[in-house]
Amino acid sequence: MAKKSKGAAASGPAHRSVEMGVAIFIGLLALITIGGGLAVGIDWGAEGPKAGFFPFYVGLFILGSSLINLWHALRNNPSDKLFAEWIQLRQVMSVVIPTTIYVFLIPWIGIYVASLLLIALFMRWLGKYGWGYVAAVAAGTPLVIFVVFEKWFLVPLPKGPIEEFLGL
Amino acid sequence: MEELSNLFHGFAVVLQPFNIMVMVVGILLGVIIGVLPGLGGANGVAILLPLTFSMSPTSAIIMLSCIYWGALFGGAITSVLFNIPGEPWSVATTFDGYPMAQQGKAGEALTAAFTSSFVGALFAVIMITLVAPLVAKFALEFGPAEKFGVYFLAFCSFVGMSKEPPAKTVASMMIGFALGAVGLDQMTGQLRLTFGVTELLTGFDFLIAVIGLFGIGEILLTMEEGLSFKGRAAVINLRVVIQTWKELPRYWMTSLRSCLIGCWMGVTPAGATPASFMSYGIAKRMSKRGNNFGNGEIEGVVAPETAAHAAGTSALLPMLALGVPGSPTAAVLLGGLLIWGLQPGPMLFIEQKDFVWGLIASMYLGNVVGLIIVLTCVPLFAAILRIPFSIIAPIILVLCAIGAYSVHNSTFDVVMMMVFGVAGYLLKKCGYPLAPLVLAIVLGDKAEESFRQSLLASQGSLGIFWSNGLVGTIMALGLIALFWPLIQAGLSRLRSIAPA
């Protein structure tokens with residue numbers, strides 16, 4: 001496999017800490033589920049077990065298993081293994097941050113313009129392509145999507161002010 | 001022989017020109033999905049689901065199932081040529097497939113992979129044809145307790161058979177159940193777990209979870225690994241194909257064994273990935289040339305590919321006959337059935353004969369068409385992989401967003417997709433299996449309903465799950481599956497003591 005082992009030079013968050021974080025987060029989800037179950041009632045009602053019965057016990061199972069996972073993570077040696085190197089995490093964040101912005105832009109400017117921006121950003125910033133090529137792919141993809149989804153398969157997608165201005 | 005005439009009727013449905021076109025398009029899309037990183041069977045089908053809303057259910061399921069076959073085939077191309085498994089179930093194919101490509105035998109490896117996939121799928125389809133109607137007929141007798149028993153068995157097998165730590169499988173599965181419970185309670189009409197958020201009234205749709213967990217999550221993983229595509233060229237011509245075909249019958253034993261492993265692992269929801277590993281491992285142990293496995297042994301390509309395809313196909317059996325999907329992709333197909341207004345489960349075989357048998361017939365034909373397409377178009381598909389990731393990644397992200405949006409025409413779902421994506425990345429890195437989570441969201445409501453109905457009938461006594469032989473047997477099988485690792489360990493200890 002293509003695993004890079006640079007020895008001491010590589011640094012990043014320990015696998016153990018991330019694993020513990022995930023287990024604790026899942027434990028919190030469990031408490032929310034248990035609370036939500038209790039709120040609607042977990043005992044016997046007119047139609048048998050009440051609505052909260054099932055979520056309550058599911059929550060208990062999540063809590064139990066996340067405690068086991070937390071315990072397992074705690075027993076690991078902290079310096080054992082890296083979760084990922086910082087460089088790798090930067091790569092991951094270079095997808096997460098623009099895509100998160102993209103997702104929140106969709107209701108405001110529509111999916112077509114937002115997609116154009118996302119593709120252009122990726123190609124220019126990560127791919128370092130020339131502007132002409134960037135423009136062609138970034139504008140071409142939404143166009144193809146528009147024809148395939150809206151015209152052929154009649155699936156409406158979110159639109160923004162620019163589409164409205166163009167009368168689409 | 002009522003089944004046979006039904007099957008022929010199914011072929012008549014499939015052979016309509018529109019359905020054949022849909023089939024070819026589906027397979028082509030499927031292979032592309034299988035080749036591209038970040039797009040796999042489950043989320044590929046989920047993203048393309050909206051395209052089928054305007055079709056008849058039969059054409060729609062043909063298209064979607066063909067996408068699935070295509071994705072199964074496509075995974076092998078990247079494994080052999082690029083040493084990058086396009087799909088998790090083709091990881092084992094890289095072990096011997098890529099060394100073969102390095103020795104200049106890529107054509108042979110691909111032909112062997114495709115042919116084995118075809119054999120595995122065919123075996124599984126024949127099994128479905130023969131067994132599914134019987135299972136469905138049997139399942140018509142099931143009451144709520146038996147239904148819950150089947151769900152119980154399905155989920156217990158996940159815990160017992162997955163190679164991840166059991167506590168992680170349980171956590172992942174139960175999170176799925178909790179997410180599935182959000183929103184309107186089916187039985188009392190009461191709202192729960194919504195905490196006053198209006199967007200949560202309708203609950204979490206598992207399609208959003210699939211697109212996020214498998215689509216976005218996978219892209220993030222790919223990004224972290226920093227892909228560099230260094231592919232091998234493949235020459236497939238008729239001579240290579242025929243030569244390989246002449247060689248393949250020698251491995252009939254491996255093939256048959258892999259078919260059986262695949263079918264077993266596919267029906268019990270262990271899935272295609274463990275099936276391919278298990279089949280590879282056993283073939284390695286049994287083969288005379290086992291020591292040479294990993295250095296480009298054709299048998300090492302045959303075993304995992306046959307099993308993966310047999311498992312992938314037979315995962316549709318419980319979905320069709322019982323309404324319990326055997327894999328995330330089968331779950332997405334099941335979601336499709338609900339959207340098209342069909343109720344999955346045994347009644348399908350009575351009420352929707354055209355649909356069921358059309359689907360089964362399309363499995364036969366789809367795999368033949370698929371084999372021809374992949375054998376002839378390998379260079380084309382390999383070229384797609386050479387498109388740089390900085391272009392393909394944003395396009396896949398856009399497609400995921402479109403898929404997530406069009407399930408309910410909701411932009412909130414797109415945001416949820418992103419949340420699921422990041423969660424999927426973290427969970428996967430920490431060794432939590434994602435398939436049980438998805439299946440639990442799909443089946444949560446039904447499992448809960450049958451559980452509560454059973455309790456209602458028994459006035460709250462859990463004894464109802466042992467009240468007759470049938471349900472008792474199913475529950476006992478479930479418990480055996482749940483504790484299988486412990487039982488296995490116990491057996492091997494007994495065996496090591498015995499000879500002394």
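Residues numbered from 1 in each chain as written. Chains lettered and ligands numbered in written order. Predicted model: local features only at pLDDT ≥ 70, side-chain atom pairs only at ≥ 80, totals over all residues.

## Concerning the overall build of chain B
Inference 1: Along chain B, the regular secondary structure elements total 22 helices and two strands.
Inference 2: Taking 2.2 N^0.38 as the reference for a compact globule, 500 residues should give roughly 23 Å; the C-alpha atoms of chain B span a radius of gyration of 22 Å, in line with that estimate.
Inference 3: Overall, the C-alpha framework of chain B stretches about 70 × 65 × 50 Å when taken along its three principal axes.
Inference 4: Buried positions account for 63% of the 500 residues belonging to chain B.
Inference 5: Within chain B, counting contacts between residues at least 6 apart in sequence, those at least 24 apart form 79% of the total. (Helix = DSSP H or I, 4+ residues; strand = E, 2+ residues; numbered from the N terminus. Rg over C-alpha atoms; globule rule 2.2 N^0.38 Å. Buried ≥ 20, exposed ≤ 12 C-beta atoms within 10 Å, placed from the backbone. Contact = placed C-beta atoms within 7 Å.)

## A few points about the environment of leucine 200 of chain B
Residue and element names in this part refer to chain B.
Inference 1: Looking at the element boundaries, leucine 200 is found in the loop between β2 (191-192) and α9 (206-225).
Inference 2: A residue is classified by how many C-beta atoms lie within 10 Å of it, and leucine 200, with 17 of them, is partly exposed.
Inference 3: Sequence separation between leucine 200 and glycine 183 is 17 residues; the distance between their C-alpha atoms is 6.0 Å.
Inference 4: Beyond its immediate chain neighbours, meaning those up to four positions away, leucine 200 contacts Val182, Gly183 and Thr194.

## Observations regarding the confidence of the model for chain B
Residues and elements named next belong to chain B.
Inference 1: In the predicted model, chain B carries a mean pLDDT of 85, and 96% of its residues have values of at least 70.
Inference 2: Mean pLDDT across the elements of chain B ranges from a minimum in helix α12 (residues 272-286), with 81, to a maximum in helix α19 (residues 411-429), with 93.
Inference 3: Under the prediction, the complex receives an ipTM of 0.90, its pTM being 0.85. (pLDDT = per-residue confidence, 0-100.)

## Some thoughts on the packing of helix α1 (residues 15-40) of chain A against helix α8 (residues 166-181) of chain B
Inference 1: Here α1 of chain A crosses α8 of chain B at 35°, and the two axes come no closer than 11 Å. Remark: the crossing between α1 of chain A and α8 of chain B carries left-handed chirality. Touching Ile26, Leu29 and Thr33 of chain A of α1 of chain A are Ala171, Ile175 and Ala178 of chain B, all from α8 of chain B.
Inference 2: Split by residue class, the contact of α1 of chain A with α8 of chain B holds five nonpolar, one polar and no charged. (Axes fitted to C-alpha atoms, helices over the stretch in contact; angles between N-to-C directions. Left-handed = near helix turned anticlockwise from the far one by under 90°. Nonpolar A, V, L, I, M, F, W, Y, C, P; charged D, E, K, R; others polar.)

## Remarks on the nonpolar core
Inference 1: Judged by nonpolar contacts, the single largest core of 221 residues is most densely connected at Val210, Ala401, Met417 and Val438 of chain B.
Inference 2: Composition of this core by domain shows at least three residues from each of domain 1 (12-75) and domain 2 (87-166) of chain A.
Inference 3: The residues contacting methionine 417 of chain B, other than those within four sequence positions of it, are Ile208, Ile211, Gly212, Ile216, Cys400, Ala401 and Ala404 of chain B. (Core = buried A, V, L, I, M, F, W, Y, C linked by C-beta atoms within 7 Å. Domains from an automatic or database assignment.)

## Things to note about the domain arrangement of chain A
Inference 1: Taken domain by domain, chain A comprises domain 1 (12-75) and domain 2 (87-166).
Inference 2: One C-alpha centre belongs to domain 1 of chain A, the other to domain 2 of chain A, and the line joining them spans 37 Å.

## Considering the confidence of the model for chain A
Residues and elements named next belong to chain A.
Inference 1: Here chain A shows a mean pLDDT of 86. Residues at 70 or above account for 93%.
Inference 2: Mean pLDDT values over the elements of chain A span from 80, in strand β2 (residues 48-49), up to 93, in helix α2 (residues 53-75).
Inference 3: For residues 1-8, every residue scores under 50 in pLDDT, and the model assigns this stretch one contact once sequence neighbours within four places are set aside.

## Section: the interface of chain B and chain A
Many analyses report the size of an interface as the accessible area lost when the parts associate.
Inference 1: Taken together, the 54 residues of chain B in the interface contact 56 residues of chain A.
Inference 2: At eleven residues, the largest contribution of residues to the side of chain B that touches chain A is made by helix α18 (residues 389-408) of chain B.
Inference 3: Residue composition of the side of chain B that touches chain A, by class: 37 nonpolar, nine polar and eight charged.

## A closer look at the environment of valine 398 of chain B
Inference 1: Take valine 398 of chain B: it is sitting in helix α18.
Inference 2: Look at valine 398 of chain B and you get buried, because 22 C-beta atoms sit within 10 Å.
Inference 3: Separated by 82 residues in sequence, valine 398 of chain B and isoleucine 480 of chain B have C-alpha atoms that sit 44 Å apart.
Inference 4: Not counting residues up to four positions away in its chain, the partners in contact with valine 398 of chain B are Ser115, Leu118, Ile119 and Thr141 of chain A.

## Describing unusual backbone geometry
Among all residues save glycine, negative phi is the norm, and among peptide bonds the norm is trans.
Residue and element names in this part refer to chain B.
Inference 1: In the Ramachandran plot, phenylalanine 195 falls in the positive-phi region, its phi being about 50° despite a non-glycine side chain.
Inference 2: Along the chain, phenylalanine 195 turns up in the loop between β2 and α9.
Inference 3: Of note in this structure, asparagine 409 is not a glycine but carries a positive phi near 50°.
Inference 4: Along the polypeptide, asparagine 409 turns up in the loop between α18 and α19.

## Comments concerning helix α15 (residues 328-339) of chain B
Residues and elements named next belong to chain B.
Inference 1: With twelve residues, α15 should reach 16 Å at 1.5 Å per residue; the first-to-last C-alpha distance of 17 Å fits that figure.
Inference 2: Along α15, ten of the twelve residues are buried, which leaves the element largely enclosed by surrounding structure.
Inference 3: Lining the buried residues of α15 we find α3 (41-48), α4 (57-82), α9, α14 (316-322) and α20 (435-457).
Inference 4: Positive phi shows up at glycine 341, right after α15, with a value of about 90°. (Expected span 1.5 Å × (residues − 1).)

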